[in-house]
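Given next are the chains, with one letter for each unit.
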Amino acid sequence: MTVRAPFDQVCRYLGCRGEVEPALAGRIRALTHQVEEAAQPRTASRIFPLSFPGGDRLALGPLAVESAALRKNLAGCEEVILFAATLGVGVDRLIARANAGRVSDAAVYQAAGAALIEEVCDQAWEDLRRAGEAEGWHLRPRFSPGYGDFPLSCQRELLTLLRAPETIGLTAGESMLLLPTKSVTAVMGRSRLALPCHRTGCEACGKTDCAFRR
Ligand code: SF4
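Being a predicted model, the structure only gives us computed values, none of them experimental.

A few points about the overall build of the chain
Part 1: Regarding its fold elements, the chain presents 7 helices and 8 strands.
Part 2: For the chain, whose C-alpha radius of gyration is 18 Å, the value lies close to the compact-globule estimate of 17 Å for 214 residues.
Part 3: Overall, the C-alpha framework of the chain stretches about 55 × 35 × 30 Å when taken along its three principal axes.
Part 4: For the chain, buried positions account for 46% of its 214 residues.
Part 5: Surface exposure of the chain reaches about 10500 Å², of which carbon and sulfur atoms provide 52%.
Part 6: Computed over 26 positive and 24 negative side-chain charges, the inter-centroid distance for the chain is 1 Å.

Next up, the structure:
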């Protein structure tokens, strides 16, 4: 998977405002390139039937979840894709080395890693959307454990169902922090209802009157 971290997104994660002066922009681009070289993006996904047993409870295949926010996001869906993505350990090592030396470089590595994993997820969403489209499915934006009241504690079972530790080297620690750190877990609803969903999610979508907006 060839993925690049968009410069404007790296700057956004760094908190830069306005025009970035040329010397700094050059440094950010060079460090971002190192992150792209160190990254080994990998994703895992699996489709499960979705049901709504009552109240705010949901059954994502064998994964039982109670969340009002997720129930709203998945309303009208019949299936759900469990999803995980990681940049791999190489980016964490790059950040750790910089933290022991040039801390300002570590901040850029962090920002570039954050922008890159978002890009990996957006591209994977687009691939999954296209694959389902041929069979008449419409894909909802991804929704991650920890958003709203979707419990972070679901993360480990989600990873187990994806066999993520074995297939993409992704695990969750005691506090549910993902390892490698530049990683994402999420669910994506599949619906027969046609909605003009935006790949970067409801926040970036212009359909402000949508009943399924989170
Ligand atoms: S607000 Fe946009 S992205 Fe979110 S569910 Fe509605 S159509 Fe899809």
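Quick look at the site of the ligand
Part 1: Within the structure, the ligand sits among P141, C197, H198, C202, C205, K207, C210, F212 and R213.
Part 2: Of the residues that constitute the shell around the ligand, the class distribution is 6 nonpolar, 1 polar and 2 charged.

Side note on the pattern of salt bridges
Part 1: One pass over the structure, following the stated rule, counts 11 salt bridges.
Part 2: The closest approach of N and O atoms between D105 and R102, which form a salt bridge, is 3.4 Å.
Part 3: Given the relative accessible area of 52%, R102 is considered exposed.
Part 4: With its nearest N and O atoms 3.7 Å apart, the salt bridge here joins R130 to E126.

Describing helix α2 (residues 22-38)
Part 1: Spanning 17 residues, α2 covers 24 Å between terminal C-alpha atoms, matching the ideal 24 Å at 1.5 Å per step.
Part 2: Considered for burial, the residues of α2 that qualify are A25, I28, L31, T32, V35 and E36. The arc that holds every buried residue of α2, seen down its axis, measures 150°, which confines them to one face. Counted as exposed and oriented over 90 degrees from the buried face of α2: P22, A23 and E37.
Part 3: The secondary structure elements touched by the buried residues of α2 are α1 (7-14), α4 (89-99) and α5 (103-133).

Reading the values: rules and limits
Residues numbered from 1 in each chain as written. Predicted model: local features only at pLDDT ≥ 70, side-chain atom pairs only at ≥ 80, totals over all residues. Heavy atoms only, no water. Helix = DSSP H or I, 4+ residues; strand = E, 2+ residues; numbered from the N terminus. Rg over C-alpha atoms; globule rule 2.2 N^0.38 Å. Buried < 20%, exposed > 50% of the residue type's maximum accessible area, 1.4 Å probe, protein only. Areas by Shrake-Rupley, 256 points an atom, 1.4 Å probe, with all protein chains shown as cover. Lys, Arg positive; Asp, Glu negative; His and termini not counted. Charge placed at Lys NZ, Arg CZ, Asp CG, Glu CD. Near = heavy atom within 4 Å. Nonpolar A, V, L, I, M, F, W, Y, C, P; charged D, E, K, R; others polar. Salt bridge = Lys/Arg side-chain N within 4 Å of Asp/Glu carboxyl O. Expected span 1.5 Å × (residues − 1). Arc of directions from axis to C-beta. Contact = heavy atoms within 4.5 Å.

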